[in-house]
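# Report on the structure
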2 protein chains.
Amino acid sequence: MTDRTDVIDVIDLGVGQPDPAILPLARLRAAAAHALAGPGAASLQYGPEQGSPVLRGSLADLLSRHTGTPVEPAELLITAGASHGLDLVVERFAAPGATIFVEDPSYFFAFDVLRSRGARLVPVPTDRDGLDVEALERMLQVEVPAFVYTVPVFHNPTGVTLTGSRRRRLVELAQEYGFLVVADEVYQLLGQPGREPAPLRTFDAERVLSLGSFSKILGPGVRLGWIECTASRLARLVDNGVLRSGGGVSPIASAIVHSAISLGIQDEYLAEIRAVYERRRRHVVRLLDGSLTADFQVMPATGGLYVWLRLPEGLDATGLAAPAEAAGVRFRPGPVFSCAGNFPNYLRICVAPYDESRLTVAVQRLSRVLLRQPSRAGGVR
Amino acid sequence: MTDRTDVIDVIDLGVGQPDPAILPLARLRAAAAHALAGPGAASLQYGPEQGSPVLRGSLADLLSRHTGTPVEPAELLITAGASHGLDLVVERFAAPGATIFVEDPSYFFAFDVLRSRGARLVPVPTDRDGLDVEALERMLQVEVPAFVYTVPVFHNPTGVTLTGSRRRRLVELAQEYGFLVVADEVYQLLGQPGREPAPLRTFDAERVLSLGSFSKILGPGVRLGWIECTASRLARLVDNGVLRSGGGVSPIASAIVHSAISLGIQDEYLAEIRAVYERRRRHVVRLLDGSLTADFQVMPATGGLYVWLRLPEGLDATGLAAPAEAAGVRFRPGPVFSCAGNFPNYLRICVAPYDESRLTVAVQRLSRVLLRQPSRAGGVR
């Protein structure tokens, strides 16, 4: 079912996309029927720049319930996904040529978005507790960025979550040195409610802008996300030519997603995929632990869609992509996640697109490729 | 039904939006049911940067049939509307600070989009045949722009259509001086097939990029449009951080609109609204001709959504907005359509949002305001 149609049957653990087999197609058909029923035609008309008012209302309710933190509709701007949100933020809050600090490693497509607005990226080290705030503080004595871009929960690619004490320290530094924090929190709702640290805005609602998305919790094809920030920053973000001309982001998709939330479809689906992804992630980690030697290391994570694997020193993940492909498995080599080209002996696996049986086959293939590398000191066990 | 809920019952002829009462809500409900039925979940997955392949196929067919000019799916890029398309084009084909020639007057929100990418706008005169190509040629001897932005059919705000001979001359100049032409052709399909000049790309498929939109032919809320250009230019346009990260524009809305086209809904609706808008435009022109004095002049147009009215010299359209509002009617004053602030004694009326009975009331209110102005030489008849 989740097989790709490639001739050589490659299992693609490189792409960060959901399993087509579990996308809620029938449920969104019901949501669309509901959305396009009523007497109003708002879903087909131009909408306000800030986005659908009804969606902002139901989204605020969803976020408040799931994060345990009150969220106001007036502090939400509907976007065409987190990357569109990041693009709006960098356009408004970083002049061309401005410095932006990004985690090392980080979400590589964010680099594209930031660089295409002329930003200069500077990497900040991370560890298993997330962004290294002490390293950040040392860097701030040299240069203060327009903002720090961080993925504070179920990090892409490492899977780690920024601890509560580091969250506090990060916003203290933001206050002290005068920079913004852009928190890419697209995986926040995949955590069990109450188990992960509260969203970063809880620590400083003024200096933190949060990026969210329905891509990971409903389906990428709805192409909707949001920015949560103060109303005054939001007013600056909607001062945008494309939003003024065309009105807010997709009223029709917004109406469908609003119906999905108000009909309970989003809550129900979220509970299901939380369990599915958690099972798949644990499955892959267990398989890797069981099949690889002790000189391989899986980054400990508490959730999310990714497994970040450290290979023995001297192994080149980029060079392993071709033999892995030949063996029928694909991954993302570490250096693509670094704006400085670091992490040559790391790779990222996405557990979302396949069920456990396919993931088992994929990890078997990957392990064989990794273990037969001649550059390694130890033998194949 | 088309009454607004404003306390003073203002009829808003300023906004360029369709009549909510005739938006095809039930038909798009059917299209959504069709789109979200099949076994495939492509409408909920990330899609290719160029946009939904099935939509590009059905759109190419629609355009080919209605314009009489073959259109290739490979030359179509799906956008979130014409303004998003313009934003992609200016990002890629005009460096910050570059000069862009725009018609005077022109679509004012386009100015916002162009300026927010750092463009410097230079106005080119127009007349009742559209862009003044002789004036353009003189200007080109001083400076060659990155591109000329033109609305060549049912111009916004003037309603005029660029003649065939001027179309030929425009592309000759583009070839001779080496600039691109960005043709905002969002009203092209509102013309009767075969009656208006062929789209501008017919004259030079290499140098002309065409912007299209479903906003005027289906509903603004679907937030979908397209760019038609050569495959090589298209490859440069999709080299965009937001498109790479999030994939192509709204797969879910694309699936719905594809179904609307393939089920025949788009053709059927297009035939209906062509007739509706044509009737409304003629109605307003007839009313204005009958109620205003000879020193007012309606720009002759062959179609579209707008009526461009020239007031007697000395009348200030911007200053008339407040008394008009008090009298219960709104319009757009001429200077907003000029990047140089020209056209003080012009105003634009949009005929799309209301039926004939409301348009009659609106024109009565407007005429009273215009004719009682003390600065006029003649009396009220």
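Residues numbered from 1 in each chain as written. Chains lettered and ligands numbered in written order. Predicted model: local features only at pLDDT ≥ 70, side-chain atom pairs only at ≥ 80, totals over all residues. Heavy atoms only, no water.

This paragraph deals with the overall build of chain A. Of the regular secondary structure elements, chain A holds twelve helices and 14 strands. Computed over the C-alpha atoms, the radius of gyration of chain A is 21 Å, within 12% of the 21 Å expected from 2.2 N^0.38 for a compact globule of 381 residues. Projected onto its principal axes, the C-alpha positions of chain A cover 65 × 55 × 35 Å. The 381 residues of chain A split such that 61% are buried. Counted over contacts in chain A with a minimum sequence separation of 6, partners at least 24 positions apart contribute 75%. If you sum the accessible surface of chain A, you get close to 13,200 Å²; carbon and sulfur atoms cover 54% of it. Positive and negative side-chain charges in chain A, numbering 39 and 40 respectively, have mean positions lying 3 Å apart. (Helix = DSSP H or I, 4+ residues; strand = E, 2+ residues; numbered from the N terminus. Rg over C-alpha atoms; globule rule 2.2 N^0.38 Å. Buried < 20%, exposed > 50% of the residue type's maximum accessible area, 1.4 Å probe, protein only. Contact = heavy atoms within 4.5 Å. Areas by Shrake-Rupley, 256 points an atom, 1.4 Å probe, with all protein chains shown as cover. Lys, Arg positive; Asp, Glu negative; His and termini not counted. Charge placed at Lys NZ, Arg CZ, Asp CG, Glu CD.)

Another aspect to go through is the sheet that holds strand S13 (residues 332-333) of chain A. Residue and element names in this part refer to chain A. In spatial order, the strands read S10-S11-S14-S13; together these four strands make up an open sheet with antiparallel pairing. Of all the strands in the sheet, the pair left with one neighbour each is strand S10 (297-298) and S13. In this structure, S13 lies alongside strand S14 (residues 346-350), joined through two bridges in antiparallel fashion. Pairing of proline 333 across the sheet is with leucine 347, part of S14. (Pairing = 2+ DSSP bridges.)

Attention now goes to the relation of the copies chain B and chain A. Take chain B, turn it by 180 degrees, move it 0.0 Å along the axis, and it overlays chain A with an RMSD of 0.0 Å. A rotation of that kind, with that shift, is consistent with a two-fold axis. A high fraction, 100%, of the interface residues of chain B reappear at the interface in chain A, so the copies pair face to face through one surface. (Least-squares fit on C-alpha atoms with pLDDT ≥ 70 in both.)

This brings us to the interface of chain B and chain A. Every contact between the two is made by 50 residues of chain B and, on the other side, 50 residues of chain A. Across the interface of chain B and chain A, roughly 4,000 Å² is buried in total on both sides, 63% from carbon and sulfur atoms. It is B:Leu25, B:Leu44 and B:Tyr46 that lose the most area in chain B upon contact with chain A, and together they represent 18% of the buried surface on that side. At the surface where chain B touches chain A, the tally comes to two salt bridges. Between A:Arg244 and B:Asp112 there is a salt bridge, and its shortest N-O distance comes to 2.5 Å. (Buried area = accessible area lost by both parts, 1.4 Å probe. Salt bridge = Lys/Arg side-chain N within 4 Å of Asp/Glu carboxyl O.)

So, on to the sheet that holds strand S2 (residues 76-79) of chain B. All names here are of chain B. Strand order in the open sheet made by the eight strands is S2-S9-S8-S7-S6-S3-S4-S5, with mixed pairing throughout. Pairing within the sheet leaves two strands with one partner each, and these edge strands are S2 and strand S5 (130-131). Sheet topology places strand S8 (residues 208-213) next to strand S9 (residues 225-228); four bridges connect them, and they run antiparallel. Bridge assignment links glycine 212 to a residue of S9, and that residue is tryptophan 226.

All names here are of chain A. Closest axis-to-axis distance for the helix H10 (residues 265-291)/helix H12 (residues 356-371) pair is 10 Å, and the angle between their directions is 30 degrees. Accordingly, the angle class assigned to the pair H10 and H12 is roughly parallel. Classified by chirality, the crossing of H12 by H10 is right-handed. The segment H10 lies against H12, with Arg279, Arg280, His283, Val284, Leu287, Leu288 and Ser291 engaging Glu356, Leu359, Thr360, Val363, Ser367 and Leu371. (Axes fitted to C-alpha atoms, helices over the stretch in contact; angles between N-to-C directions. Parallel < 35°, antiparallel > 145°, perpendicular 65-115°, else oblique. Left-handed = near helix turned anticlockwise from the far one by under 90°.)

On to the nonpolar core. Core analysis: the largest hydrophobic core is formed by 175 residues, its most contacted members being A:Phe147, A:Phe214, B:Phe147, B:Tyr149 and B:Phe214. With sequence-adjacent residues up to four places away left out, B:Tyr149 is seen in contact with B:Leu86, B:Ile100, B:Phe101, B:Val102, B:Glu103, B:Ser106, B:Tyr107, B:Ala110, B:Val182, B:Asp184 and B:Leu211. (Core = buried A, V, L, I, M, F, W, Y, C linked by side-chain atoms within 4.5 Å.)

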